[in-house]
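# Commentary on secondary and tertiary structure
These are the residues of each chain, in order.
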Amino acid sequence: MIGIFGGTFDPIHLGHLRTVLDVQEVLGLETVRFIPSAAPPHRDTPDVSAEQRAAMTRLAIEGQTGFVYDGRELERDGRSYTVLTLESLRKELGGKQPMCLIVGTDAFLGFPSWHRWEELLLLCNVAVMVRPGYHLDPAAFPTGWLSQHLRDAHDWNSTESAGQVVEVPVTQLEISATDIRQRLAAGRNIRYLVPEPVRHYILEQGLYNQL
Ligand code: ATP
């Protein structure tokens, strides 16, 4: 099974990287594709370009076996809808390849607002990383939807191409990109929150209105 991890990555941080490594290990994923989104619909940082977010993503995963950069959302025009990304991966990898979208609890709870969301589980499985401060609330979804798809870890079938949801316990790291941006804007040090090459890149490029 391959993992797909999308995000704004504005910037990518250790809360993304350690938790995805946990998921990769627990589910035995061969590779995980890191896919920065091109046009985040409601959250743009004016002075940081998509190319810079992509560069930070590449720096962050460099040298980690099985972590792969995938720029397809940047190469495509229009909004970065996940359903389109999954369709494009299906075209490339075929209908049978087991795929697993990796999302934090906060992102998963927002699923019903995503474009063509009911098709997502026809295209892939979903691994939900339990994030500090959130829990999986079935009421966030239409009645019965979550229980229909949710599997216990021992019922998870890694040869199924799509349709299952599993909760994966991950290292609890209360790190967010919002907090990192705020620290930089306040002139604070972000060491140990992001990989060192990413921190150097941010400082060199003068990103996030550093004081
Ligand atoms: P922001 O603070 O700007 O909203 P973010 O830190 O949530 O950003 P995103 O790029 O929006 O980062 O997140 C991409 C994915 O990573 C989402 O599925 C999100 O739930 C997940 N994620 C982000 N931070 C963590 C964390 N500390 N632990 C687990 N999952 C996380």
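In this convention, every chain numbers its residues from 1, walking through the sequence in written order. Only residues with pLDDT of at least 70 get local features here, since the model is predicted, and only at 80 or more are side-chain atom pairs given and counted; chain-wide, interface and lining totals rely on the full set of residues. Calculation of side-chain values draws on the structure's entire complement of heavy atoms; hydrogens and water are dropped beforehand.

### Concerning the overall build of the chain
As a reminder, the rule being used: The helix and strand labels rest on DSSP assignments: H or I over at least four residues marks a helix, E over at least two residues marks a strand, and numbering proceeds from the N terminus. With C-alpha atoms as the basis for the radius of gyration, the globule rule is written as 2.2 Å multiplied by the number of residues raised to the power 0.38. For each residue, the accessible area found with a 1.4 Å probe, counting protein chains only, is set against the maximum for its type, and the residue is called buried under 20%, exposed over 50%, and partly exposed in between. Reported accessibility uses the Shrake-Rupley method at a 1.4 Å probe radius. Residues are deemed covered only where the shown protein chains occlude them. Positive charges come from Lys and Arg, negative ones from Asp and Glu, while His and the chain ends are left out of the count. Just so you know, the charge point we use is NZ for Lys, CZ for Arg, CG for Asp and CD for Glu.
Looking only at helices and strands, the chain features nine helices and six strands. In summary, the chain has a C-alpha radius of gyration of 17 Å against a globular reference of 17 Å for 211 residues, a match within 12%. The principal-axis extents of the C-alpha atoms in the chain amount to approximately 50 × 35 × 30 Å. Taken over 211 residues, the chain has a buried fraction of 48%. Approximately 10400 Å² of the chain is accessible, and the part contributed by carbon and sulfur atoms is 49%. Of note, the chain has its 19 positive side-chain charges centred 3 Å away from the centre of its 26 negative side-chain charges.

### Side note on helix α8 (residues 177-185)
Worth spelling out the cut-off: This arc is taken over the directions from the axis of the helix to the C-beta atoms. Contacts are residue-level and defined by heavy atoms, with any inter-residue pair within 4.5 Å sufficient.
Buried within α8 we find A177, I180 and L184. The buried side chains of α8 occupy one side of the element, clustering within an arc of 60 degrees when seen end-on. Each element contacted by the buried residues of α8 is listed here: α9 (196-205). G187 sits one or two residues past α8 and shows a positive phi near 80 degrees.

### With respect to helix α1 (residues 14-27)
Note that an α-helix has 3.6 residues per turn; residues three or four places apart therefore point the same way. Worth spelling out the cut-off: Helices are assigned an expected span. That span is 1.5 Å times one less than the residue count.
The first and last C-alpha atoms of α1 sit 20 Å apart over 14 residues, in line with the 20 Å expected at 1.5 Å per residue. Buried within α1 we find G15, H16, L17, T19, V20, L21, D22, V23, Q24 and L27. Looking one or two residues past α1, G28 carries a phi angle of roughly 65 degrees, positive in sign.

### Describing the environment of G15
Mapped onto the secondary structure, G15 falls in helix α1. On the basis of relative accessible area, G15 is assigned to the buried category, the value being 11%. Through-space distance from the C-alpha of G15 to that of P36 is 15 Å; in sequence the pair is 21 residues apart. If we ignore the near neighbours within four places in the chain, the residues touching G15 are L173 and I175.

### As for the packing of aromatic side chains
Note the following rule: Aromatic pairing here means that ring centres of Phe, Tyr or Trp (its six-membered ring) are within 6.5 Å. Orientation follows from the plane angle: under 30 degrees is stacked, over 60 is edge-to-face, and everything else is tilted.
Counted according to the given criterion, the structure contains ten aromatic pairs. Geometrically, the ring pair formed by F5 and F9 is tilted, given 5.4 Å between the ring centres and 45 degrees between the ring planes. Here F5 and F9 have matching classes, each one buried. Relative to F67, the ring of F34 lies with its centre 4.8 Å away and its plane at 45 degrees, an arrangement referred to as tilted. Taken together, the residues F34 in strand β2 (residues 32-36) and F67 in strand β3 (residues 67-69) connect sequence positions 33 residues apart.

### Points about the sheet that holds strand β1 (residues 2-7)
Quick reminder of the rule: The rule for pairing is simple: two strands pair if DSSP sees at least two bridges between them. Between N-to-C directions, angles cover 0 to 180 degrees, with each direction set by a line fitted to C-alpha atoms, over the stretch in contact for helices.
Pairing within the open sheet is parallel, and its six strands lie in the order β3-β2-β1-β4-β5-β6. Every other strand in the sheet has two partners, leaving β3 and β6 (165-168) as the edge strands with one partner each. Looking at each pair of strands side by side, their axes are set apart by 30 degrees on average, direction ignored. By the bridge criterion, five bridges tie strand β4 (residues 99-104) to strand β5 (residues 125-129) in an arrangement that is parallel. Bridge assignment links G104 to a residue of β5, and that residue is M129.

### Examining the pattern of salt bridges
To be explicit about the condition: The term salt bridge refers to a side-chain nitrogen of Lys or Arg lying within 4 Å of a carboxyl oxygen of Asp or Glu.
Considering all chains together, one arrives at 13 salt bridges under this definition. For R116, the salt bridge is made with E87, and the minimal N-O distance between the two is 2.5 Å. In this pair, R116 is assigned in the loop between α5 (105-109) and α6 (120-123) and E87 in helix α4 (residues 82-93), connecting sequence segments 29 residues apart. For R191, the salt bridge identified is with E196, shortest N-O distance 3.4 Å. Looking at R191, the relative accessible area reads 38%, which means it is partly exposed. With a relative accessible area of 26%, E196 lands in the partly exposed category. One continuous salt-bridge network, built from bridges that share partners, spans R33, D70, R72 and E92.

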